[in-house]
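Residues per chain, in single letters:
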Amino acid sequence: PYGDELLHHAAVADISRRQTVTFSSLRYFMERFPCLVPMGVTVDDVEEEFRLFQSTTLDDGILTKRADEAWRELGMMATGGRKLFESLSSVMLGVLVIFHSNADCERVFSLVTKNKTKYRASLSTEMLSSLVTRKGGLHGELQ
């Protein structure tokens, strides 16, 4: 997974690396996942906001926040009643929710394997689903 192109481009969402990342990484996500681009927004609009983002001096407090919180806050930044990074923030928040590994799926498969053993092979799908959901809720694994 470390050589995965998606992971390589995901660095664009790291605010602390804004001076070293390029718009081509963001373009990669917008072309691969067109649903990330808000309706009525063009790639040029997002690129313009990206260039402004790279040249804007940001408050140090924003760099210490979680990525999703920081991008939400950046999306609210405004000057003269105009939001500066509204479209860029929307795309970046979309990038952040893309699964970058299969760990969650593997965790669910592991739970199923632990519950449906050779001694409990006749469990119905409904019962197995209920058990996995319950156990996941108890341990916070499926939240």
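All of these numbers come straight from a predicted model, not from anything done at the bench.

Enquirer: So what exactly am I meant to see when it comes to the overall build of the chain here?
Expert: Counting secondary structure elements, the chain contains eight helices and two strands. Evaluated residue by residue, the chain yields a buried proportion of 32% over its 143 residues. Within the chain, counting contacts between residues at least 6 apart in sequence, those at least 24 apart form 53% of the total.

Enquirer: Quick question: what am I supposed to make of the pattern of salt bridges here?
Expert: Where charged atoms from two side chains of opposite charge approach closely, those side chains can pair. Under the defined criterion, the tally for this structure stands at four salt bridges. Arg66 serves as the salt-bridge partner of Asp68, at 2.6 Å between the closest nitrogen and oxygen. Classification of Asp68 by relative accessible area gives partly exposed; the value is 32%. You can call Arg66 exposed: its relative accessible area is 52%. Via salt bridges that share partners, Arg27, Glu47 and Arg51 belong to a single interconnected network.

Enquirer: Would you mind going over the packing of helix H2 (residues 23–32) against helix H3 (residues 43–55) with me for this structure?
Expert: The description of two helices packed together rests on the angle between their axes and the distance between the axes. Running from N to C, H2 and H3 point in directions that differ by 145°, and their axes come no closer than 11 Å. H3 is crossed by H2, and the crossing has right-handed handedness. Between H2 and H3, the contacting residues are Phe23, Leu26, Arg27 and Met30 on the first element and Val43, Val46, Glu47, Phe50 and Arg51 on the second. Residues of the contact of H2 with H3, tallied by class, amount to six nonpolar, no polar and three charged.

Enquirer: Any chance you could explain H2 here in plain terms?
Expert: Since one α-helical turn is 3.6 residues long, residues separated by three or four positions face the same way. Those residues of H2 lying buried are Phe23, Ser25, Leu26, Tyr28, Phe29 and Met30. Tucked into the core, H2 has its buried residues touching helix H1 (5–10), H3 and helix H6 (86–96).

Enquirer: What is the right way to read the nonpolar core from this model?
Expert: Nonpolar side chains in soluble globular proteins generally cluster together in the buried interior. Within the largest apolar cluster, 30 residues are counted, with the highest numbers of intra-cluster contacts made by Leu26, Phe29, Phe50, Phe53 and Leu88. Secondary-structure elements contributing two or more residues to this core are H1, H2, H3, helix H5 (67–76) and H6. Looking at this core, the element that brings in the most residues is H2, giving five residues. Sequence-distant contacts of Leu88, defined by excluding residues within four places in its chain, comprise Leu26, Val46, Glu49, Phe50, Phe53 and Trp71.

Enquirer: Before we go on, may I ask you to explain H3 in this structure?
Expert: Over its 13 residues, H3 extends 19 Å from the first C-alpha to the last, a length consistent with the 18 Å expected when each residue adds 1.5 Å. Within H3 the residues assigned to the buried category are Val46, Glu49, Phe50, Phe53 and Gln54. Looking straight down H3, one finds its buried side chains confined to an arc of 140°; they lie on one side. Residues of H3 that are exposed and angled more than 90 degrees away from the buried face: Asp44, Glu48 and Ser55. Elements that come into contact with the buried residues of H3 comprise H2, H5 and H6.

Enquirer: Explain the side chain of Ser87 here, please?
Expert: Its place among the elements puts Ser87 in helix H6. On the accessibility criterion, Ser87 (11% relative accessible area) is buried. In this structure Ser87 touches Val41, Val46 and Glu49, once residues within four positions along its chain are discounted.

Enquirer: Would you mind going over the packing of aromatic side chains with me for this structure?
Expert: Centre distance and the angle of the planes are the two values used to describe a pair of aromatic rings. Throughout the structure, instances matching the rule amount to six aromatic pairs. With a centroid separation of 6.4 Å and an interplanar angle of 45°, the aromatic rings of Phe50 and Phe53 are classed as tilted. Separated by three residues within a single helix, Phe50 and Phe53 lie in helix H3, roughly one turn from each other. Taking 5.9 Å as the distance between ring centres and 80° as the angle between the ring planes, the aromatic pair formed by Phe53 and Phe85 counts as edge-to-face. Taken together, the residues Phe53 in helix H3 and Phe85 in the loop between strand E2 (82–83) and H6 connect sequence positions 32 residues apart. Pair check on accessibility: Phe53 and Phe85 agree, each one buried. In this structure an aromatic cluster arises from ring pairing among Phe23, Phe50, Phe53, Trp71 and Phe85.

Criteria and cut-off values
- The residue numbering used here restarts from 1 in each chain and proceeds along that chain's sequence as written.
- The model is predicted, so local features are restricted to residues of pLDDT at least 70 and side-chain atom pairs to those at 80 or more, both for listing and for counting; the totals for chains, interfaces and linings are taken over all residues.
- Hydrogens are left out, water is left out, and the side-chain values use all remaining heavy atoms of the structure.
- A run of DSSP states H or I qualifies as a helix once it reaches four residues; a run of E qualifies as a strand once it reaches two. Both are numbered from the N-terminal end.
- Type-normalised accessible area, obtained with a 1.4 Å probe on protein chains alone, sets the label of each residue: buried when under 20%, exposed when over 50%, and partly exposed for intermediate values.
- Contacts are assigned to residue pairs that have any heavy atoms within 4.5 Å of one another.
- The working definition used for a salt bridge is a side-chain nitrogen of Lys or Arg within 4 Å of a carboxyl oxygen of Asp or Glu.
- To obtain each axis, a line is fitted to C-alpha atoms, and for helices this fit is confined to the stretch in contact; angles are then taken between N-to-C directions over 0 to 180 degrees.
- Here is the rule for handedness: rotate from the far helix to the near one, and if that takes an anticlockwise turn smaller than a right angle the crossing is left-handed, while a clockwise turn gives right-handed.
- Classification convention: Asp, Glu, Lys, Arg as charged; Ala, Val, Leu, Ile, Met, Phe, Trp, Tyr, Cys, Pro as nonpolar; all other residues, Gly among them, as polar.
- By nonpolar core we mean a set of buried residues, namely Ala, Val, Leu, Ile, Met, Phe, Trp, Tyr and Cys, connected to one another through side-chain atoms within 4.5 Å.
- Here a helix's expected span is defined as the number of its residues, less one, multiplied by 1.5 Å.
- Starting at the helix axis, one direction is taken to each C-beta atom, and the arc is that of these directions.
- Stacked, tilted and edge-to-face are the three classes assigned to paired rings of Phe, Tyr and Trp, where Trp is represented by its six-membered ring and a pair needs centres within 6.5 Å; plane angles under 30 degrees give stacked, over 60 edge-to-face, the rest tilted.

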